[in-house]
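Remarks on the overall topology
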Amino acid sequence: MRLEECTIYITLEPCPMCAGAIVQARIPRVVFGATSPKAGFGGSLINVLQMEALNHRCEVVQGVGQEESSDLLKQYFKNMRNKKTKE
Ligand SMILES: [Zn+2]
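Residues numbered from 1 in each chain as written. Predicted model: local features only at pLDDT ≥ 70, side-chain atom pairs only at ≥ 80, totals over all residues. Heavy atoms only, no water.

1. What about the pattern of salt bridges?
Spelled out, the test is: We define a salt bridge as a side-chain nitrogen of Lys or Arg found within 4 Å of a carboxyl oxygen belonging to Asp or Glu. Each residue is placed in one exposure class: buried if its accessible area under a 1.4 Å probe, protein chains only, is under 20% of its type's maximum, exposed if it is over 50%, and partly exposed if it falls in between. Secondary structure elements are defined from DSSP: runs of H or I of at least 4 residues count as helices, runs of E of at least 2 residues count as strands, and each element is numbered from the N terminus.
Applying the stated criterion across every chain, the model contains two salt bridges. One salt bridge in this structure joins Glu4 and Arg2, with 3.9 Å as the shortest N-O distance. Look at Glu4 and you get partly exposed, because its relative accessible area is 48%. The residue Glu59 makes a salt bridge to Arg29 at a minimum N-O spacing of 3.2 Å. Placement of the pair is Glu59 in strand β3 (residues 59-62) and Arg29 in strand β2 (residues 29-34), with a sequence separation of 30 residues. Judged by its relative accessible area of 43%, Glu59 is partly exposed.

2. Side note on the side chain of Ser36
Note the cut-off: Only heavy atoms matter for contacts: two residues are in contact if any of them lie within 4.5 Å across the pair.
Its place among the elements puts Ser36 in the loop between β2 and β3. Its relative accessible area of 11% is what places Ser36 among the buried residues. Ser36 has contacts with Leu12, Glu13 and Ser44, leaving out every residue within four places of it along the chain.

3. Remarks on the environment of Pro14
Locating Pro14 in the fold gives a position in the loop between β1 (7-12) and α1 (16-24). Distance from Pro14 to Ala34, taken between C-alpha atoms, is 9.8 Å for residues 20 residues apart in sequence. In this structure Pro14 touches Ala19, Ile22, Phe32, Ala39, Gly40, Phe41, Gly42 and Leu49, once residues within four positions along its chain are discounted.

4. Let's talk about the pairing of β1
Our working rule: Here, any two strands with at least 2 DSSP bridges between them count as paired.
Bridge analysis of β1 against β2 gives five bridges, and the strand direction is parallel. Its bridge partner lying in β2, Tyr9 is registered against Val31.

5. Observations regarding unusual backbone geometry
Even without being a glycine, Arg26 presents a positive backbone phi close to 60 degrees. Note that Arg26 resides in the loop between α1 and β2.

6. Overview of the packing of aromatic side chains
Our working definition: Whether two aromatic rings pair depends on their centres lying within 6.5 Å, for rings of Phe, Tyr and Trp, where Trp uses its six-membered ring; planes under 30 degrees apart make the pair stacked, over 60 edge-to-face, and the rest tilted.
Applying the stated criterion to the full structure yields one aromatic pair. For the ring pair Tyr76 and Phe77, a centre distance of 5.0 Å and an interplane angle of 75 degrees mean the geometry is edge-to-face. Taking relative accessible area as the criterion, Tyr76 reaches 44% and is therefore assigned partly exposed.

Laid out in structure tokens, this is it:
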């Protein structure tokens, strides 16, 4: 499915699979909060979203709500860890 008139807003910089799906869907604009230094394919490790070799490139806006996004992700993973230790 092509999403050529959409903007995607995400808390975390996309991983390789998500970045690939975004390019395949031809999403023109990607807005994300927190960067992902160890797994980010929106510019941290590799920039799949703006790769010359691919047939679609996105406008990328990063750092929007960075602190809020980072806090949400930290809380989410903390909850996941606590849930696992209780099972
Ligand atoms: Zn992903």
